[in-house]
Amino acid sequence: MWRRLGVLDWIRIGLLALGVLFVATGLLPLREAAESMDDIGPLLVFLVGIIVLAELTKEAQVFDVIAARMAVLGRGNYVALFLLCTAFASFVTIFLNLDTTAVLLTPVMLALAPKARIAPLPLAMTTIWLANTASLLLPVSNLTNLLGMQKIGLNAQEFAARMWAPQIASIAVTMVFLWVFYWRRGQRRDLRYTPPLLEPVGDRVLFAASSAACVLFIVALLLKVDVGVAAPAAALIVVAAYAVRDRGRLRWSLIPWQLLIFVTGLFLVVPTLSRYGLADLMSLLLGDTPDPYRTAAVGGGLANAINNLPAYKAVEQVIPSGQQDQLLALLVGTNVAPVITPWASLATLLWFESCRRHDVPVPMRRFLGTGAGLAVVGLLVTVWALVTTS
């Protein structure tokens, strides 16, 4: 087992070990550590539920069928395919979490590329950019949203009502950048693509059960069911279907232990660092007067330096609870801007690994340059939408 661990796995384990060391040595008081663990309990339950649901839904070929039918519906027209792919990636991110888009939708899109004779890079960039920039609308869309819900003081419906305009703005900017730098004919070269042949579903019962579970999860969110209940309940439906139809696919590896270790370690390390100077540095960067543009820039810059989850947690701790607009601006920074460096978000790291496994080269200079442009313009436009609709 140890030989199968990658570099990222060791980093996650090291982060947790460092957090445990901080608690053991008293650098982080046991009471504060316990409070942190209480905060992330529902978050970890949601994580397990949504990842298991998404993994088994992919195994049931739900994503494959939707992607293939989108390509057929586009009828060889790249503009139509572009609009369908951006809508699909945005929908999956909003309702099933950005990691689902990065980890599960990316291989589906890359597998579709050779079947339809489509260049894979535009499809890959669509998934990773929208995995980040389309994650503003709902608490479940991004772990940073879930981390901030208690301090922001909004329920899921109020959060969506506040963030719909910024979400539309960030998706619109992302679509412009995707088209100009990856999708237009000068970049893709081909005038049209070849619609793929539709392949039969392997198990219609599993397909139907997985589809129904996803729909029920979305309905549960709309009915204000707690995400810590809705995600495990939807996952349980799919697990039950697999237990009857294909028990061999129910394996322990479905549980996202890497994410659980990373988030747990994060909630021990960041509070410790904040006690010993990190909070003072964040306060200095934010300034004395709440400024949503500056807050978003600090969050986005720090996310690209160290990853968006610790960046959000570090900055959030120095923002007063009453500063709702500033907290929402921080979410814009840590959700929209992590498109420059490969380590800016966990989703981006997982996406790079998926591209490597599918032998899809990602030109780093192009990735960094276009990502920087999207981060700057996306932040400005999205924060403007947030401010003007407050």
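Residues numbered from 1 in each chain as written. Predicted model: local features only at pLDDT ≥ 70, side-chain atom pairs only at ≥ 80, totals over all residues. Heavy atoms only, no water.

A.B. asks: Kindly report on the layout of surface pockets, identifying the contributing residues and their values.
C.D. replies: By volume, the second largest pocket is sized at about 760 Å³. Contributing to the lining of the second largest pocket are 29 residues, with D39, L146, L147, M149 and Q150 lying nearest its centre. Secondary structure elements with two or more residues in the lining of the second largest pocket: α2 (30-59), α7 (143-152), α8 (156-183), α12 (257-286) and α14 (308-316). Sorting elements by how many residues they give to the lining of the second largest pocket places α2 first, with 8 residues. Along the lines of polarity and charge, the residues of the lining of the second largest pocket split into 15 nonpolar, 6 polar and 8 charged. (1 Å grid on protein atoms, 1.4 Å probe; cavity = no way out; pocket = protein on both sides within 12 Å on 5 of 7 lines; lining within 4 Å. Points joined across faces, edges and corners; volume = space filled by probe spheres on them. Helix = DSSP H or I, 4+ residues; strand = E, 2+ residues; numbered from the N terminus. Nonpolar A, V, L, I, M, F, W, Y, C, P; charged D, E, K, R; others polar.)

A.B. asks: Could you give me a rundown of the environment of L386, with the residues and numbers involved?
C.D. replies: Considering the arrangement of structural elements, one finds L386 in helix α17 (residues 364-388). When the C-alpha positions of L386 and A169 are compared, they lie 9.2 Å apart, and in sequence the two are 217 residues distant. Those residues in contact with L386, other than ones at most four positions away along the chain, are R162, M163, P166, D325, L328, A329 and V332. (Contact = heavy atoms within 4.5 Å.)

A.B. asks: Report on empty space enclosed by the protein, specifying residues and quantitative values.
C.D. replies: Counting across every chain of the model gives 1 cavity of 30 Å³ or more. Each pocket or cavity is described by its volume, and for the largest cavity that value is around 70 Å³. L98, D99, N142, L143, L259, N308, L309, S345, L346 and A347 are the residues that line the largest cavity. Elements with a minimum of two residues in the lining of the largest cavity: α5 (98-116), α14 and α16 (346-357). Residues of the lining of the largest cavity, tallied by class, amount to 6 nonpolar, 3 polar and 1 charged.

A.B. asks: So, a nonpolar patch on the surface: which residues are in play, and what are the values?
C.D. replies: A grouping of Y293, V376, V377, L380, V381, W384 and V387 is seen on the molecular surface, where their side chains present a nonpolar patch of about 590 Å² in accessible area. If one sorts the elements of the nonpolar patch by residue count, α17 sits on top with 6 residues. As for its placement among the helices and strands, V377 is situated in helix α17. (Patch = residues over 30% accessible without salt bridge, like charges linked within 9 Å, V, L, I, M, F, W, Y side chains within 5 Å. Areas by Shrake-Rupley, 256 points an atom, 1.4 Å probe, with all protein chains shown as cover. Salt bridge = Lys/Arg side-chain N within 4 Å of Asp/Glu carboxyl O.)

A.B. asks: Account for unusual backbone geometry, naming residues and giving values.
C.D. replies: With a phi angle near 90 degrees, N97 is a residue other than glycine that sits in the positive phi range. As for its placement among the helices and strands, N97 is situated in the loop between α4 (78-96) and α5. Phi at N307 is positive, roughly 110 degrees, even though this residue is not glycine. If you trace the backbone, N307 turns up in the loop between α13 (292-306) and α14. Among the residues examined, N307 registers a relative accessible area of 5% and is labelled buried. (Buried < 20%, exposed > 50% of the residue type's maximum accessible area, 1.4 Å probe, protein only.)

A.B. asks: Go over α13 with me, naming the residues and quoting the values.
C.D. replies: Under the 1.5 Å per step criterion, the end-to-end length of α13 is 21 Å for 15 residues, consistent within 8% with the ideal 21 Å. Among the residues of α13, those classed as buried are T295, A296, V298, G299, G300, L302, A303 and N304. Buried-residue contacts for α13 involve α12, α14, α15 (324-336) and α17. Two or three places before Y293, at the opening of α13, D291 has a side-chain oxygen 3.0 Å from that residue's backbone nitrogen. Immediately beyond the C-terminal end of α13, within one or two residues, lies N307, with a positive phi of roughly 110 degrees. (Expected span 1.5 Å × (residues − 1). Polar contact = N/O pair within 3.5 Å; in protein donor to acceptor, adjacent residues only side chain to side chain.)

A.B. asks: Explain the confidence of the model for the protein residue by residue, including any values.
C.D. replies: Looking at the protein, pLDDT values average 88 and 97% of them are 70 or higher. Of all helices and strands in the protein, the one with the weakest mean pLDDT is helix α9 (residues 185-188) (71), whereas α17 scores best (96). (pLDDT = per-residue confidence, 0-100.)

A.B. asks: Just give me the short version of the packing of α4 against α8, but keep the residues and values in it.
C.D. replies: Following both chains from N to C, one finds α4 and α8 inclined at 140 degrees, their axes separated by 11 Å at the closest point. One finds that α4 runs oblique with respect to α8. As for the relative orientation of α4 and α8, their crossing is right-handed in sense. Within the contact between the two elements, α4 uses Y78, V79, L81, F82, L83, C85, T86, S90 and I94 and α8 uses Q167, I171, M175, L178, W179 and W183. Class assignment for the residues of the contact of α4 with α8 results in 12 nonpolar, 3 polar and no charged. (Axes fitted to C-alpha atoms, helices over the stretch in contact; angles between N-to-C directions. Parallel < 35°, antiparallel > 145°, perpendicular 65-115°, else oblique. Left-handed = near helix turned anticlockwise from the far one by under 90°.)

A.B. asks: Give me the nonpolar core: which residues, what numbers.
C.D. replies: Ranked by internal contacts, the top residues of the largest apolar core, which has 130 residues, are L53, M125, W129, W183, F217, V263 and W351. When near neighbours in sequence (up to four residues on either side) are disregarded, W129 contacts T174, F177, L178, Y182, V339, T370, G371 and L374. (Core = buried A, V, L, I, M, F, W, Y, C linked by side-chain atoms within 4.5 Å.)

A.B. asks: Quick rundown of the packing of aromatic side chains? Include the residues and the values.
C.D. replies: Under the counting rule described, the total for this entry stands at 11 aromatic pairs. An angle of 80 degrees between the planes, with centres 5.0 Å apart, marks the rings of W351 and F352 as edge-to-face. Residue W351 is classed as buried on the basis of its relative accessible area of 0%. Of the residues examined, F352 reaches a relative accessible area of 19% and is grouped as buried. Members of the aromatic cluster, joined through ring pairs, are Y78, F82, W179, W183 and Y193. (Phe/Tyr/Trp six-rings, centres within 6.5 Å; stacked < 30°, edge-to-face > 60°.)

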